[in-house]
Amino acid sequence: DAGITQSPRHKVTETGTPVTLRCHQTENHRYMYWYRQDPGHGLRLIHYSYGVKDTDKGEVSDGYSVSRSKTEDFLLTLESATSSQTSVYFCAISHPAGGEETQYFGPGTRLLVL
Amino acid sequence: SQKIEQNSEALNIQEGKTATLTCNYTNYSPAYLQWYRQDPGRGPVFLLLIRENEKEKRKERLKVTFDTTLKQSLFHITASQPADSATYLCALGPPSYNTDKLIFGTGTRLQVFP
């Protein structure tokens, strides 16, 4: 998985609790992304980062926050988890060149919010 | 808003035949288009990129076409094998004049049976 790890790989939590997912890369890529994947919706971008402390919102950012204090780590936090945030979360990295971008994905985190 | 469509129904074909998957899009002018493969429980893996000025791209048994007039890409796997069974995602790259992120389709599941 291109030097990308995600932790935890599986998590069950209760509504209203905070949850933090971690993405770690060893590729020194500048860009990092968090997606969620749900049946019928495909991959939807939550937040992304284009450098340390530089982040921006994606298509479905409500209820999520991110932080990137080091090049290799990108954290996704659900401040107060809801059942609608039950999903599979993927981290991706990229190093755009020449106006093109290929993304490399981690193995995913399966989150169940009860 | 832009829209990307892939056939949500699974494609079932016999081993040795050519599989053809379709990606259609509207209200967008991507500078390039990509295809990814996703196996169950894993993150997507990049396969091919084709640019707007390219009609066709090949890689081993894979062939991708890109018709910017029809706003369509076709993904072909020749001499298909059961190991090709997976979900295939297309992704649109942003137009050359902006910095939008990749837009992913929902994917088409391919099942190759012996």
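A brief structural summary.

Definitions and limits used
- Residues numbered from 1 in each chain as written.
- Chains lettered and ligands numbered in written order.
- Predicted model: local features only at pLDDT ≥ 70, side-chain atom pairs only at ≥ 80, totals over all residues.
- Heavy atoms only, no water.
- Patch = residues over 30% accessible without salt bridge, like charges linked within 9 Å, V, L, I, M, F, W, Y side chains within 5 Å.
- Areas by Shrake-Rupley, 256 points an atom, 1.4 Å probe, with all protein chains shown as cover.
- Salt bridge = Lys/Arg side-chain N within 4 Å of Asp/Glu carboxyl O.
- Helix = DSSP H or I, 4+ residues; strand = E, 2+ residues; numbered from the N terminus.
- Disulfide = S-S within 2.5 Å.
- Buried < 20%, exposed > 50% of the residue type's maximum accessible area, 1.4 Å probe, protein only.
- Polar contact = N/O pair within 3.5 Å; in protein donor to acceptor, adjacent residues only side chain to side chain.
- Contact = heavy atoms within 4.5 Å.

**Some points on a nonpolar patch on the surface**
Alright, step 1. On the surface, Val-12, Leu-112 and Leu-114 of chain A cluster together into a nonpolar patch covering about 290 Å² of accessible area.
Alright, step 2. For Leu-114 of chain A, the position within the fold is in the segment after strand S11 (109–113).

**Section: the state of the cysteines**
Alright, step 1. Scanning the model with the defined rule gives 2 disulfides over all chains in all.
Alright, step 2. Between Cys-23 of chain A and Cys-91 of chain A runs a disulfide, and the two sulfur atoms are separated by 1.9 Å. Since a negative S-S torsion denotes a left-handed disulfide, the Cys-23 of chain A-Cys-91 of chain A link at about -70° is left-handed. Of this pair, Cys-23 of chain A sits in strand S3 (residues 19–25) while Cys-91 of chain A is found in strand S9 (residues 87–94), placing the two residues 68 residues apart along the sequence. Like Cys-91 of chain A, Cys-23 of chain A is buried.
Alright, step 3. The disulfide partner of Cys-23 of chain B is Cys-90 of chain B, and the S-S distance across this bridge is 2.0 Å. Between Cys-23 of chain B and Cys-90 of chain B, the S-S torsion sits near 65°, and that sign places the bridge as right-handed. Taken together, the residues span a long stretch of sequence, with Cys-23 of chain B in strand S3 (residues 19–26) and Cys-90 of chain B in strand S9 (residues 86–92) at a distance of 67 residues.
Alright, step 4. Using a relative accessible area of 0% as the deciding quantity, one classes Cys-23 of chain B as buried.

**Section: the side chain of Gln-25 of chain A**
Residue and element names in this part refer to chain A.
Alright, step 1. On the secondary structure map, Gln-25 appears in strand S3.
Alright, step 2. Given the relative accessible area of 2%, Gln-25 is considered buried.
Alright, step 3. At 2.7 Å, the side chain of Gln-25 and the backbone oxygen of His-29 are in polar contact.
Alright, step 4. Those residues in contact with Gln-25 that lie beyond four places of it in its chain are Gly-3, Ile-4, Met-32, Arg-68, Thr-71, Glu-72 and Ile-93.

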